Amino acid sequence: MLSVTEQKDIEFSSSLISQFDEIVTRYPAGKQKAGLLPILHLVQAEYGWVSPEAMDKVAAYLEIKPIEVYEVATFYTMFFLRPQGKFVLEVCRTGPCCLVGAEKIMDHIEKTLGVKEGEVTADGKFSWRGVECLAACGMAPVLQIGPEYTFYENLTEQSVDQLINDLKNKI
Amino acid sequence: MRKENNLSHLISHISNLVKMARKLLLEHINVPGINTLDVYRQHGGYRSVEKALKTMSPDAIVEEVKTSGLRGRGGAGFPTGMKWSFLAKPEGKERYLVCNADESEPGTFKDRYLMTYIPHALIEGMIVSSFALGARTSYIYVRGEMMPQIRILEKAIAEAKNAGFLGKNILGTGYDLELYVQPGGGAYICGEETALIESLEGKRGNPRIKPPFPAISGVWACPTVVNNVETIAAVVPIINDGGEEYAKIGIGRSTGTKLISASGNLNKPGVYEIDLGVPVEEFIYSDEYCGGIANGKRLKAVVAGGSSVPILPANLSLKTVNGESRLMSYESLSDGGFQSGSMLGSGGFIAFDEDQCIVRNTWNFARFYHHESCGQCSPCREGTGWMEKVLHRLEYGHGKMSDIDLLVDVARKIEGNTICPLGDAAAWPVASAIRHFRDEFEWHVTNPKEAMDRNYGLAKYADPLPKLEEVSQ
Ligand SMILES: Cc1cc2nc3c(=O)[nH]c(=O)nc-3n(C[C@H](O)[C@H](O)[C@H](O)COP(=O)(O)O)c2cc1C
Ligand code: SF4
Ligand code: FES
């Protein structure tokens, strides 16, 4: 089922725009499209997801067609195309992590938060999902939380409980 | 008694020192503040930039790297000096050096480690390498999830620029270089060099058809070299000490040191810098490295070079079919070809203990490749999906005996029939798991209920190998 969430009347702040301006200086003249990924990361850090409206605005800023933004935002796994919980726990679910208990950690998170992978808790604070190898297999199991992608290593059920509690208190 | 103890302590101390002296990339990793320019310079940092830019010609640097025998550390092991010498140098066109810091191959985490703790080693290598290639703008493409490492690198670049190692007229030599960090968006395929180039241009990470190779037409259709983080960092000691010195380390055509990411069921998982040629057995069991299998268990299997390389049972991991000790080198790990060997790959060393289920892990890897296929070629897009589905039903007790050969057949039809090597990378783990662990796959079909409750165990995978004569009889 296709469901589209709207984000009405968004306006990029001047500080966001000035960051965009700096990004496009990194590429040769006329190649500003290369700034698309870094700019989408900034947009997501600001709003928690990248809405169709935000993508259109990015397209206008970079002077490219909206489809060029959509096709990129849908290709890469890091961009959320609908609103998420305030904290998205992303647990590595790939082989090496599973050798040392990543699947148990994911089950535990599902039970503790009471929502399935990809869903948001009723209070809007949390969502979670499995992601592929995060290049930290020696510290497994691991999870990350955007937008800064803070890293939590050698997870146990206890350390996950502690983390979730800390995050609850943070809001 | 006491004296003896002291003596053996001293000997082990000295031998540790000798080994430590061999560390080229991680020598100073534990020095507090080594992530800052000042401390990094106090420990000899940026000497290679002075030497290269002030006393060497670009071609002389390429020659030095050729002499070193350095091979690409990203997975394919292609000789770096040779790759550099292929770079086209047309008049009036920019050339680019792009560092591949996409590190997404399951089992590999050395580049993250290096960038986190000694970011300047990469920046220093980028400057020297860019100079050698005649690049005036270079990029470090870092996977988007490594946001903290992106910040670390950006800070290190700012420090280097402040100190005159980057920017206009570096160290008064007239050489200009700008260095930027580019984030990815979360896609394993962007580690493939042409997909990385597409991604850097702000597009989907669809690999390009080669030729043309990036050396002729890469970023924005300009000649481009793509190199792994560790490859670039290794250029620093090669320039400091000379390619010949570097080539003395290692074994045969596997010269120098290599960062190994060790994960799975080991007592001491982590990143180790080894001289190429260390026996696999020593790497797993000695206290200097992984300290043996965790929880007193026995070794069942090894994936020696990241998820894409063939899996080997314990016995073939430690010894080749000829009964020779298996070494951590490009040649020794691939000894025996696909029949009984594997590959060094990216150095992602994954150890499986006797409690691990090979079918489940193979399904997990197949799921990974299906998820990460860019979808451009049908053998890869469809084939990885089929393999995932069939492995899922085998693992969950609905498999048929014919599924096992079906998997082999699908893997064979993917291999060699795709635009980029992700297809092969998806096929090899499945084909090798069935080649070496067929009993375990069959057991999942014949004992579906039991397979849900318990694992197959070690079986005979760690038994000594039969002698060659016995095999041929
Ligand atoms: C699917 C796929 C993923 C890859 N991922 C990486 C990676 O994460 N890092 C890397 O350095 N090389 C990766 N490579 C290899 C690159 O294509 C390329 O060979 C390498 O960056 C060249 O650098 P090197 O010669 O220094 O190893 C990958 C290749 C394939 C086919
Ligand atoms: S082999 Fe797979 S990942 Fe590579 S180009 Fe083809 S579909 Fe894409
Ligand atoms: S498999 Fe989880 S970090 Fe690599």
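Everything below is about the structure shown above.
Below or above, wherever it landed, is the structure these notes cover. (Residues numbered from 1 in each chain as written. Chains lettered and ligands numbered in written order. Predicted model: local features only at pLDDT ≥ 70, side-chain atom pairs only at ≥ 80, totals over all residues. Heavy atoms only, no water.)

As for the site of ligand 2
Here is the rule we go by: Nearness is judged by heavy atoms alone; a residue qualifies as near a molecule or strand once a single heavy atom is within 4 Å of it. Polar here means any residue other than Ala, Val, Leu, Ile, Met, Phe, Trp, Tyr, Cys and Pro, which are nonpolar, and Asp, Glu, Lys and Arg, which are charged; Gly is therefore polar.
Residues in contact with ligand 2 amount to 13 residues; listed here are only the nearest, B:C374, B:C377, B:C380, B:T418 and B:C420. Residues that form the shell around ligand 2 fall into these classes: eight nonpolar, five polar and no charged.

As for the pattern of salt bridges
Worth spelling out the cut-off: Salt bridges are defined by distance alone: a side-chain nitrogen of Lys or Arg within 4 Å of a carboxyl oxygen of Asp or Glu. Only DSSP runs of H or I with at least four residues qualify as helices, and only runs of E with at least two residues qualify as strands; both kinds are numbered from the N terminus onward. Working definition: with a 1.4 Å probe on protein chains only, accessible area under 20% of the residue-type maximum means buried, over 50% means exposed, and in between means partly exposed.
Under the defined criterion, the tally for this structure stands at 38 salt bridges over all chains. Its salt-bridge partner being A:E103, residue B:R360 comes within 2.6 Å of it at the nearest N-O pair. In this pair, B:R360 sits in helix α16 (residues 358-372) while A:E103 sits in helix α6 (residues 102-113), so the two residues belong to two different chains. A:E103 gets classed as partly exposed once you look at its relative accessible area, which sits at 26%. The partner of B:R438 in a salt bridge is B:E442, and the shortest N-O contact between them spans 4.0 Å. Of this pair, B:R438 and B:E442 both sit in helix α19 (residues 422-446), four residues apart, which is roughly one turn of that helix. You can call B:R438 partly exposed: its relative accessible area is 29%. Three or more residues joined by partner-sharing salt bridges are found here, namely B:R73, B:K110, B:D111, B:E230 and B:K258.

Some words on the site of ligand 1
All names here are of chain B. Filter applied, for reference: In the analysis that follows, any N or O atom pair within 3.5 Å is treated as a polar contact, provided that within protein one partner can donate a hydrogen and the other can accept it, and provided that, for residues neighboring in sequence, both atoms belong to side chains. Exposure was quantified through the Shrake-Rupley algorithm and a 1.4 Å probe, taking into account, for residues, occlusion by the shown protein chains and nothing else.
With respect to spatial proximity, 18 residues lie near ligand 1, and among them G74, N100, N227, N228 and T231 are the closest. The contact in question runs from an oxygen atom of ligand 1 to an N or O atom on the backbone of R73, over 3.3 Å. Here an oxygen atom of ligand 1 and a side-chain polar atom of K83 are 3.2 Å apart. Protein chains bury 90% of the 610 Å² of accessible surface belonging to ligand 1 in isolation. In terms of residues, the shell around ligand 1 owes the most to one element, strand β4 (residues 224-228), which gives three residues. When its residues are assigned to classes, the shell around ligand 1 shows four nonpolar, eight polar and six charged.

Things to note about the packing of helix α7 (residues 119-133) of chain B against helix α10 (residues 229-241) of chain B
All names here are of chain B. Convention followed: Comment: axis = line fitted to C-alpha atoms, over the contacting stretch for helices; angle = value between 0 and 180 degrees taken between N-to-C directions. If an angle is under 35 degrees, it is roughly parallel; if it is over 145, roughly antiparallel; if it lies from 65 to 115, roughly perpendicular; otherwise it is oblique. Throughout, a contact is declared for two residues whenever any of their heavy atoms are within 4.5 Å.
Where α7 meets α10, the axes come as close as 8 Å, and the angle between the chain directions of the two elements is 75°. One finds that α7 runs roughly perpendicular with respect to α10. Contacts from A121, L122, E124, G125, M126, V128 and S129 in α7 reach V229, I232, A233, V235, V236 and I239 in α10.

Some details on the interface of chain A and chain B
Keep this limit in mind: Accessible-area loss on putting two parts together, using a 1.4 Å probe and summing over both, is the definition of buried area adopted here.
Contacts between the two partners involve 40 residues from chain A, matched on the other side by 55 residues from chain B. Carbon and sulfur atoms supply 58% of the area that chain A and chain B bury against each other, a total of about 3,700 Å² over both sides. Contact with chain B buries surface across chain A, with A:R26, A:F75 and A:L99 losing the most and accounting together for 19% of the total. Our count for the chain A to chain B interface comes out at three salt bridges. Seen at the junction of chain A and chain B, the total is 20 residue pairs in polar contact (both at pLDDT 80 or more).

Observations concerning the packing of α16(B) against α19(B)
All names here are of chain B. To be explicit about the condition: Put simply, a crossing is left-handed when the front helix is turned counterclockwise from the back one by less than a right angle, and right-handed when it is turned clockwise.
Taken N-terminus to C-terminus, the directions of α16 and α19 make an angle of 160°; their axes are 9 Å apart at the nearest point. Accordingly, the angle class assigned to the pair α16 and α19 is roughly antiparallel. In terms of crossing hand, the pair formed by α16 and α19 is left-handed. Where α16 approaches α19, its residues I358, V359, T362, F365, Y369 and E372 are matched on the opposing element by L422, A425, A426, P429, V430, A433, F437, E440, F441 and H444. Taken together, the residues that form the contact of α16 with α19 break down as twelve nonpolar, two polar and two charged.

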